[in-house]
Amino acid sequence: MSSLLLLAGIAIANALTSVQNFNVTQYLGVWYQVADDGWVQDTFQRQGYCVQATYGVLADGNLSVFNQERYGSPTGPVKNISGYAYVPNPAEPAQLKVDLYGAPVENANYWIIAVGPVVDDKYQWAVISEPGMTYMWVLTRNVVEYRVLYERKVYNLVKSLGFTGALNSYQPTSWDGCEPYSTTA
Ligand SMILES: *[C@@H]1O[C@H](CO)[C@@H](O)[C@H](O)[C@H]1NC(C)=O
Ligand SMILES: *[C@@H]1O[C@H](CO)[C@@H](O)[C@H](O)[C@H]1NC(C)=O
Ligand SMILES: *[C@@H]1O[C@H](CO)[C@@H](O)[C@H](O)[C@H]1NC(C)=O
């Protein structure tokens with residue numbers, strides 16, 4: 001009995017949580033992906049460079065999602081995918097589900113597990129994962145500022161949350177030589 005309680009306690013202590021008091025308005029707009037993990041690199045972003053995301057609001061209140069990347073190199077051809085995100089439980093506003101058109105997985109978990117300071121009504125960085133802590137990535141508004149001001153702190157935070165495995169530890173993703181995109185939506 002006592003060992004079962006102990007195990008339960010450990011499970012609760014290790015459970016991933018999402019951002020409380022999340023303000024989705026401050027999450028909208030353009031983001032640059034500055035870190036991810038081996039799982040992401042081996043699956044849906046294989047050969048992806050310069051990954052950029054843009055979130056907006058749809059007429060029904062859900063979020064629009066538009067992602068772009070360069071394929072094969074920082075100047076490779078542009079690939080994009082779009083879709084939408086929604087909040088199934090209003091009590092957990094940072095636990096989203098995402099449907100990307102044409103993607104193999106529907107209703108994928110998209111949990112915003114940490115966010116950085118708000119400047120000009122926008123979070124400056126965000127860490128996204130899911131309850132099983134397989135995929136993980138970090139978005140920012142400004143790549144250069146992120147490296148200088150925030151990266152060490154975010155790296156330590158992600159590690160302290162338990163992203164320390166071969167496939168889910170923090171991997172910086174370079175923006176060197178990225179050819180800019182001609183559109184954001
Ligand atoms: C958002 O998308 C979900 C899932 O498709 C849908 O059930 C819901 O009606 C949409 N609108 C709102 C406001 O949640
Ligand atoms: C997304 O990619 C498709 C297919 O290459 C292209 O036709 C479309 O214009 C792109 N959308 C945007 C907004 O760049
Ligand atoms: C959410 O953020 C927007 C933009 O900064 C702000 O105008 C609004 O008051 C915030 N909402 C809440 C509930 O704090």
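In what follows, the structure referred to is the one given above.
Now for a quick tour of the structure.

Rules of the game
- Residues numbered from 1 in each chain as written.
- Chains lettered and ligands numbered in written order.
- Predicted model: local features only at pLDDT ≥ 70, side-chain atom pairs only at ≥ 80, totals over all residues.
- Heavy atoms only, no water.
- Near = heavy atom within 4 Å.
- Polar contact = N/O pair within 3.5 Å; in protein donor to acceptor, adjacent residues only side chain to side chain.
- Areas by Shrake-Rupley, 256 points an atom, 1.4 Å probe, with all protein chains shown as cover.
- Nonpolar A, V, L, I, M, F, W, Y, C, P; charged D, E, K, R; others polar.
- Disulfide = S-S within 2.5 Å.
- Helix = DSSP H or I, 4+ residues; strand = E, 2+ residues; numbered from the N terminus.
- Buried < 20%, exposed > 50% of the residue type's maximum accessible area, 1.4 Å probe, protein only.
- Phe/Tyr/Trp six-rings, centres within 6.5 Å; stacked < 30°, edge-to-face > 60°.

## Things to note about the site of ligand 1
Step number 1: Close contacts around ligand 1 come from Asp60, Asn62, Tyr84 and Tyr86, and that covers them all.
Step number 2: In the environment of ligand 1, a nitrogen atom lies 3.3 Å from a nitrogen or oxygen atom belonging to the side chain of Asp60.
Step number 3: Within the contact set of ligand 1, an oxygen atom lies 2.7 Å away from a side-chain nitrogen or oxygen of Tyr84.
Step number 4: In isolation ligand 1 exposes 350 Å². Once the protein is present, 47% of that is buried.
Step number 5: Here the residues of the shell around ligand 1 are counted per class, giving two nonpolar, one polar and one charged.

## With respect to the state of the cysteines
Where two cysteines share a covalent bond between their sulfur atoms, that bond is called a disulfide.
Step number 1: Considering all chains together, one arrives at one disulfide under this definition.
Step number 2: For Cys50, the disulfide goes to Cys178, at an S-S distance of 2.1 Å. The S-S bond linking Cys50 to Cys178 shows a torsion near -90°; that makes this disulfide left-handed. Of the two residues, Cys50 sits in strand 2 (residues 48-57) while Cys178 sits in the segment after strand 11 (171-172), which places them 128 residues apart along the sequence.
Step number 3: On the basis of relative accessibility, which here comes to 17%, the residue Cys178 falls in the buried class.

## Some words on the packing of aromatic side chains
Each aromatic ring pair is specified by the distance between its two centres and by the angle formed by the two planes.
Step number 1: Within this structure, the stated rule accounts for 15 aromatic pairs.
Step number 2: With 5.4 Å between their ring centres and 65° between their planes, Phe22 and Tyr27 make a pair best called edge-to-face.
Step number 3: With a relative accessible area of 1%, Tyr27 lands in the buried category.
Step number 4: On the basis of an interplanar angle of 35° and a centroid distance of 6.3 Å, the ring pair of Tyr84 and Tyr101 is categorised as tilted. Of this pair, Tyr84 sits in strand 4 (residues 78-86) while Tyr101 sits in the loop between strand 5 (95-100) and strand 6 (108-115), placing them 17 residues apart in sequence.
Step number 5: Residue classification places Tyr84 among the partly exposed residues on the basis of a relative accessible area of 23%.
Step number 6: Taking relative accessible area as the criterion, Tyr101 reaches 53% and is therefore assigned exposed.
Step number 7: Here the aromatic cluster, defined as three or more aromatic residues joined through ring pairs, consists of Phe22, Tyr27, Trp31, Trp39, Phe44, Tyr55, Tyr110, Tyr123, Tyr135 and Trp137.

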